[in-house]
Amino acid sequence: MKNMISSRQAAIIACILLFSNKILTLPSFLYQKSKADSVFLMLLMFMVELFVLFVFFRLKRRYKTESFFEVLNQNLGKPLAIIIFSAFFIYFFIKLLINFNFTHIYFKVQVYHDDQESVFLFVAIAIMITTMARGFRPLARTFEFFYYFLLIGFGLCIFISFTNFSQFPIFFDSPVKEIFISSYKYAFAFGDLLFLFFIMDKIELTKKSERQILKYVLFAMSTVIIGYFVFFSVYQYSIFMHPNAVSDIIVISYQIFSVGRLEFLAVLIIMNITLFQISLYAYILSYILRQIFKKLNKNYSI
């Protein structure tokens, strides 16, 4: 029970991950390919995420105490389980690099304009090492502690952006082919709920807790869709000039409140969400190595 987390903590982590890089640079990239129809792409990819979630629920009901590696080992054999976990290692490592790169670019534009790669790298590595050394439960508690701060902050960004809402975005302006091409090209921006499989032995699920996780996930998906809708509405003719969605949707509305520029609100949100995401991926990578190499000391996996 020492390393167990509550279903609410798992739901909060899932909710925050579904925000993560989807509210940073992805909206601008998607718009360049499939215009405002990117909203439909998001709906499509979120349906895939929900499918992954229900597969997890089904697997967890059948294997209540086993880890994901043990499940694969029992059903497919150890060699195939190792191959699958190795593929997941590559997958999460790529997601970690992409997240790290996008976050560094964001802070370089919004916070410091001089090259400070070494400073950012030092902070990120220190956080990742701390997460891997202390384990998953402290990380889950950190997610839980900051959840409402992040939620209120992002809610304020959306509310402020509505003050500049002028017209609905133009839908059905791109070929269906472009939507599927974009979904393939930016596939690594999704798949966030896969982390649940790597903590399946650390949570206890009931019908009630499954509904709780589903509720948090649907809330996050709905909020992201609303954020995309507002961003495409505000900047539909100049979106190529605004790569940082969550910051840019509040930049041109600050005069209404006469309180100065409010980008710091978006910076705080992005800073916390992305560092949490990097920490989670680092933990998963360490966990995968310990499962593949059973004799590997925890310190060496870090």
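Residues numbered from 1 in each chain as written. Predicted model: local features only at pLDDT ≥ 70, side-chain atom pairs only at ≥ 80, totals over all residues. Heavy atoms only, no water.

### Observations concerning the nonpolar core
Then, number 1: The biggest cluster of nonpolar side chains holds 87 residues, and the ones touching the most others in it are Phe-92 and Phe-198.
Then, number 2: Residues in contact with Phe-198, not counting those within four places in the same chain, are Phe-68, Phe-85, Phe-88, Phe-92, Ile-284, Tyr-287 and Ile-288. (Core = buried A, V, L, I, M, F, W, Y, C linked by side-chain atoms within 4.5 Å. Buried < 20%, exposed > 50% of the residue type's maximum accessible area, 1.4 Å probe, protein only. Contact = heavy atoms within 4.5 Å.)

### So, a nonpolar patch on the surface
Then, number 1: Together, Tyr-148, Ile-152, Leu-156 and Phe-159 make up a nonpolar patch on the protein surface, roughly 430 Å² of accessible area in all.
Then, number 2: Tracing the chain through its elements places Leu-156 in helix α7 (residues 136-161).
Then, number 3: According to the relative accessible area criterion, Leu-156 is partly exposed, its value standing at 38%. (Patch = residues over 30% accessible without salt bridge, like charges linked within 9 Å, V, L, I, M, F, W, Y side chains within 5 Å. Areas by Shrake-Rupley, 256 points an atom, 1.4 Å probe, with all protein chains shown as cover. Salt bridge = Lys/Arg side-chain N within 4 Å of Asp/Glu carboxyl O. Helix = DSSP H or I, 4+ residues; strand = E, 2+ residues; numbered from the N terminus.)

### Details of the confidence of the model for the protein
Then, number 1: On average, the protein scores 78 in pLDDT, and the residues at 70 or more come to 76%.
Then, number 2: Mean pLDDT per element in the protein: helix α11 (residues 254-257) is the minimum at 43, and helix α4 (residues 68-76) is the maximum at 92.
Then, number 3: Across residues 252-260, where pLDDT falls below 50, the model places 15 contacts with residues more than four positions away in sequence or in other chains. (pLDDT = per-residue confidence, 0-100.)

### Observations concerning helix α8 (residues 176-185)
Then, number 1: Inspection of α8 places Ile-179, Ser-182 and Ser-183 among the buried residues, and these make up the whole buried set. The buried residues of α8 occupy an angular sector of 100° when the element is viewed end-on, so they sit on one face. Every exposed residue of α8 that faces more than 90 degrees away from the buried side is listed here: Lys-177 and Tyr-184.
Then, number 2: If you follow the buried residues of α8, they end up packed against α2 (26-34) and α3 (38-62). (Arc of directions from axis to C-beta.)

### Topic: the packing of α2 against α3
Then, number 1: The N-to-C vectors of α2 and α3 enclose an angle of 115°; their axes lie 9 Å apart at closest approach. Looking at the two axes, α2 sits roughly perpendicular to α3. Across the interface between the two elements, Leu-30, Tyr-31 and Ser-34 of α2 pack against Ser-38, Leu-41 and Met-42 of α3.
Then, number 2: When grouped by side-chain class, the residues that make up the contact of α2 with α3 number 4 nonpolar, 2 polar and no charged. (Axes fitted to C-alpha atoms, helices over the stretch in contact; angles between N-to-C directions. Parallel < 35°, antiparallel > 145°, perpendicular 65-115°, else oblique. Nonpolar A, V, L, I, M, F, W, Y, C, P; charged D, E, K, R; others polar.)

### A short note on the pattern of salt bridges
Then, number 1: Enumeration over the complete set of coordinates arrives at 4 salt bridges.
Then, number 2: One salt bridge connects Arg-8 with Glu-144, and the closest N-O pair in it is separated by 2.7 Å. Taken together, the residues span a long stretch of sequence, with Arg-8 in helix α1 (residues 7-19) and Glu-144 in helix α7 at a distance of 136 residues.
Then, number 3: Judged by relative accessible area, Glu-144 falls into the partly exposed class, the value being 26%.
Then, number 4: Close ionic contact of Lys-95 with Asp-192 constitutes a salt bridge, the shortest N to O distance being 3.6 Å. Note that Lys-95 is positioned in helix α5 (residues 78-110) and Asp-192 in the loop between α8 and α9 (207-234), a separation of 97 residues in sequence.
Then, number 5: Residue classification places Lys-95 among the buried residues on the basis of a relative accessible area of 2%.
Then, number 6: Residue class for Asp-192 comes out buried when judged on its relative accessible area of 1%.

### Thoughts on the packing of α1 against α9
Then, number 1: Between α1 and α9, whose axes approach to 9 Å, the crossing angle comes to 20°. Judged by the inter-axis angle, α1 sits roughly parallel to α9. Handedness of the α1/α9 crossing: right-handed. Contacts from Ser-7, Arg-8, Ala-10, Ala-11, Ile-12, Ala-14, Cys-15, Leu-18 and Phe-19 in α1 reach Ser-209, Gln-212, Ile-213, Tyr-216, Val-217, Phe-219, Ala-220, Met-221, Thr-223 and Val-224 in α9.
Then, number 2: Residue classes in the contact of α1 with α9 are distributed as 14 nonpolar, 4 polar and 1 charged. (Left-handed = near helix turned anticlockwise from the far one by under 90°.)

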